[in-house]
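Listed here are the chains, written in short residue letters.
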Amino acid sequence: MATLTGRRGSFAATRGEIRKRRIIDRLMVGSMIAVTALVCSVLFIIIAYIFYRGVSYINWEFLTSNPRPVGSEGGGIVNAIVGSLILVGIASVMAVPVGVGAAIFIGEFPSPRLQRAVRFMADVLTGVPSIVVGLFAYALIVEPTGTFSGWAGSAALGFIIVPIVLITAQEALRLVPGSLREAALALGVPRWRVIMLVVVPAARRALLTGLILATARALGETAPLIFTTLGNNFWNTDPSRPLSALPLVIYRYAVGPYQEEHRQAWAAAFMLLAVVFFISLMTRVVFRSRYEE
Amino acid sequence: MAQPQATGQQQTERTNGAQPVNGMQFGIDVKPGMIDVVPDEEARLIVRNVHAYYGEAHAVKDITFAMRSRKVTAIIGPSGCGKSTLLRCMNRMHEEQRAARVEGQIILDGENIYDRSVDPVLVRRRIGMVFQKPNPFPTMSIADNVLAGYKLNRVRAGKGDLAERCEVALRRAALWDEVKDQLNRPGTDLSGGQQQRLCIARSLAVDPEILLMDEPCSALDPLATARIEDLVKELSQEITVVIVTHNMQQAARVSDMTAFMLLGRMIEYGPTTDMFTTPRDERTEAYITGRFG
Ligand SMILES: Nc1ncnc2c1ncn2[C@@H]1O[C@H](COP(=O)(O)OP(=O)(O)OP(=O)(O)O)[C@@H](O)[C@H]1O
Ligand SMILES: [Mg+2]
């Protein structure tokens, strides 16, 4: 006769086994919670510290005026915020279609060898140090044109965005069930329409995540901008001349000799975080469909 | 694309003539009766010496038979015998898979759908397909799912016209009463059986002449299955239906003609009543009586 407390040969476990299982279960759950908490707390500490150091300096003047001459009080970073948006905007417009297009091409017109080759190159490209990418853009654009420019900075950021978008888009498209593709094809929809109207929309959310990841990364890059767009203390929105950028401002001010500059560096860091956050929020809102929770 | 009837007649005659010759020529075990069971004037879709491959794997081997107009043809056989592959050949979906290839002819209205001048996209609009697992488009509402054939092909039509087509298709699929008040909800919110009827409505909305169904009930409970079976019988008053099924009772219930396949070949084809009462081939009998498969 089997009882719940269990004997050998019955399906019920003995009390000891149950206790052992429970302990292991608790241990595993506990360590998962600990690891999660660790990751989250690191993130939280970084954000909180930047907030603490930066937010006190944020005011209307800081957000709406251009920098003052070095050493004088006041002034702001509006040119850097706008410059960063222009740089990353141009870079995204150039790089996102290339990355997504390449991902669609190798995913939908499969040739295993081509797929492996493109994927390998994308992996290598993500691993190239960003300062090298900057040098490349310098040799490619700054030298021939004879001037530092926003275009050169955007190109450098574009090189950083392309592989990130390509890899995330490839994963996103691969996760779209083949049954959707089949359903559309069987309705007599041409292949390119199936891709553009069924596959891409189905992968939209994951594609968007890749896009946000890539732009956030590009917004924070400093090294590729140093000898491409150079930076600018004045108001400028013309990408054929040097543009200012938030990471450049943080870098210059942080190593400057004045207290005022250090405070501005923290405030700029706070603004950089805020811009990244704002962009990812806006992208999600704009692209949210009525079928997503 | 419609051809004068005389051509269809001619083709059918040639098919008849070619059949025994072909069988003898290659020493292949082909029953001459396979095409004769369907009188010429009743043949709607003629499959002629069709072979299908996945790379080197030969999945469908020299199949010749004809689907009767406005009748239900069931294809039965053990798992892996090539039923789905054969069905996918009939609307040129097979070639969408990697390294997949088809040889032979499939003739609709006197025209070989594998002719070089034929656009597979147009073939699929005339020969619809319903899949084993319901696959509504997750980013579309119920109404948009039904009208997907129009929306994805950017067919221009008045709103009222589309709404009417939507209703007609849903009524034909016996789903209208259940969803008429929630046409704007996502298609994926429906139950499995409703989703499958939604997919049938989607196929019907583009007015196919032939409907191919690949185990449309295998993911459904008995009640939902019964509804789809009724539906299939009703549909056959207007269009020609080919249904692949694992379920012998289902084949007996819904079909007028039954084809039995084994290891990529068609072993026997004839009126369903004959097949289930007096099969000519002992392998058919063994399968039907449940001795294997
Ligand atoms: N994508 C594929 N690549 C390679 N071989 C395949 C592929 N799909 C099917 N096959 C092979 O082709 C043969 C026929 O497959 P098919 O799917 O047509 O069988 P089926 O009769 O529909 O089986 P089931 O009843 O299980 O659905 C099988 O031997 C299978 O291994
Ligand atoms: Mg199958």
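Our structure is the block above this text.
Because the structure is predicted, anything quoted here is derived from the model rather than measured. In this numbering scheme, every chain counts its residues from 1 along its sequence in written order. Think of it this way: whatever chain is written first is A, whatever ligand is written first is 1, and the rest follow in order. Reporting in this predicted model follows two pLDDT cut-offs: at least 70 for local features of residues, and 80 or more for side-chain atom pairs to be given and counted; totals over whole chains, interfaces and linings ignore these cut-offs and use all residues. The basis for the side-chain values is all heavy atoms of the structure; hydrogens and waters are excluded.

Draft legend 1. Local environment of the overall build of chain A. Secondary structure elements follow DSSP: runs of H or I of four or more residues count as helices, runs of E of two or more count as strands, with numbering from the N terminus. Regarding its fold elements, chain A presents 12 helices and 0 strands. Overall, chain A shows an N-to-C arrangement of helices and strands of α-α-α-α-α-α-α-α-α-α-α-α. Radius of gyration means the value over C-alpha atoms here, while the globule rule gives 2.2 Å times the residue count to the 0.38 power. In terms of overall dimensions, chain A is more spread out than a globule: its C-alpha atoms have a radius of gyration of 26 Å, far above the 19 Å expected for 293 residues. Dimensions of chain A along its principal axes, counting C-alpha atoms only, are 90 × 55 × 35 Å.

Draft legend 2. Summary view of the side chain of E261 of chain A. Residues and elements named next belong to chain A. Residue placement: E261 occurs in helix α12 (residues 259-287). There is no salt bridge for the buried E261, and the closest opposite charge comes from R252, which lies 9.4 Å off by N-O distance. In contact with E261, not counting residues within four places along its chain, are V70, Y253 and G256. Exposure classes here rest on a 1.4 Å probe applied to the protein chains alone. A residue is buried below 20% of its type maximum, exposed above 50%, and partly exposed in between. When charges are counted, neither His nor the chain ends are considered; positive counts come from Lys and Arg and negative counts from Asp and Glu. Salt-bridge detection follows one rule: a side-chain nitrogen of Lys or Arg within 4 Å of a carboxyl oxygen of Asp or Glu. A contact between two residues is defined here by any heavy atoms of the two lying within 4.5 Å.

Draft legend 3. Just the sheet that holds strand β6 (residues 127-130) of chain B, in detail. All names here are of chain B. Two strands pair if DSSP finds at least two bridges between them. If you trace the 6 strands from one edge of the open sheet to the other, you get β6-β7-β8-β3-β9-β10, paired in mixed fashion. The open sheet has two edge strands with one neighbour each: β6 and β10 (265-271). Strand after strand, the sheet turns through a mean of 15° between neighbouring axes, direction not considered. Bridging between strand β7 (residues 210-214) and strand β8 (residues 240-244) involves 5 bridges; their strand directions are parallel. Residue pairing for β8: M213 is matched across the bridge by I243. Helix axes use the C-alpha atoms of the stretch in contact, all axes being lines fitted to C-alpha atoms, and the angles between their N-to-C directions lie in the range 0 to 180 degrees. On top of the sheet, helix α9 (residues 192-205) reaches β6 and β7; it is set at about 170° to β6, its chief contact. Contacts from helix α10 (residues 222-235) reach β3 (72-76), β7 and β8, with the element oriented near 145° to β8.

Draft legend 4. Spatial organisation of the site of ligand 1. All names here are of chain B. Within the structure, ligand 1 sits among Y54, A59, S79, G80, C81, G82, K83, S84, T85, Q97, E215 and H246. Any pair of N or O atoms that falls within 3.5 Å is considered a polar contact. Within protein, one atom must be able to donate a hydrogen and the other to accept it, and sequence-neighbouring residues count only if both atoms are side-chain atoms. Between ligand 1 and the protein, one listed contact pairs an oxygen atom with a side-chain N or O atom of S79 at 2.5 Å. T85 is positioned such that a nitrogen or oxygen atom in its side chain is 2.4 Å from an oxygen atom of ligand 1. Take the shell around ligand 1: its biggest share by element is 3 residues, from helix α3 (residues 83-89). In this count, Pro and Cys sit with the nonpolar residues alongside Ala, Val, Leu, Ile, Met, Phe, Trp and Tyr, while Asp, Glu, Lys and Arg are called charged and the others, Gly among them, polar. Partitioning the shell around ligand 1 into residue classes produces 3 nonpolar, 7 polar and 2 charged. It suffices for a single heavy atom of a residue to lie within 4 Å of a molecule or strand for the residue to be listed as near it.

Draft legend 5. Structural detail: the interface of chain B and chain A. In this complex, chain B contributes 31 residues to the contact, which on the side of chain A involves 22 residues. Simply put, the buried area is the total loss of 1.4 Å probe accessible area from both parts when two parts are fitted together. Summed over both sides, the interface of chain B with chain A buries roughly 2100 Å², with 63% coming from carbon and sulfur. Considering only the side of chain B, the residues that lose the most area to chain A are R98, T139 and L152 of chain B, jointly responsible for 26% of the buried surface there. The interface formed by chain B and chain A contains 2 salt bridges. The closest approach of N and O atoms between E182 of chain A and R88 of chain B, which form a salt bridge, is 2.0 Å. Counting across the interface, chain B meets chain A through 4 residue pairs in polar contact (both at pLDDT 80 or more).

Draft legend 6. View of the sheet that holds strand β5 (residues 111-112) of chain B. All names here are of chain B. Taken in spatial order, the 4 strands make up an open sheet running β2-β1-β4-β5, and their pairing is antiparallel. In the strand order of this sheet, the two ends are held by β2 (57-68) and β5, each with one partner. Examined bridge by bridge, strand β1 (residues 43-54) and strand β4 (residues 100-108) share 8 bridges and lie antiparallel to one another. Within β4, the residue paired with H51 across the bridge is E103.

Draft legend 7. Representation of the nonpolar core in the model. All names here are of chain B. Residues belong to a common nonpolar core when they are buried Ala, Val, Leu, Ile, Met, Phe, Trp, Tyr or Cys residues joined through side-chain atoms within 4.5 Å. If you look at the biggest cluster of nonpolar residues, it comprises 64 residues, and the most contacted ones within it are F65, I75, L86, M90 and F137. When residues of this core are assigned to their parent elements, the largest contribution, 6 residues, is made by β1. Leaving out residues up to four positions away in the same chain, I75 has contacts with F65, K83, L86, L87, M90, V242, I243, V244, T245, A259 and M261. The next biggest cluster of nonpolar side chains, apart from the first, holds 43 residues, and it includes L147, A173, V179 and L190.

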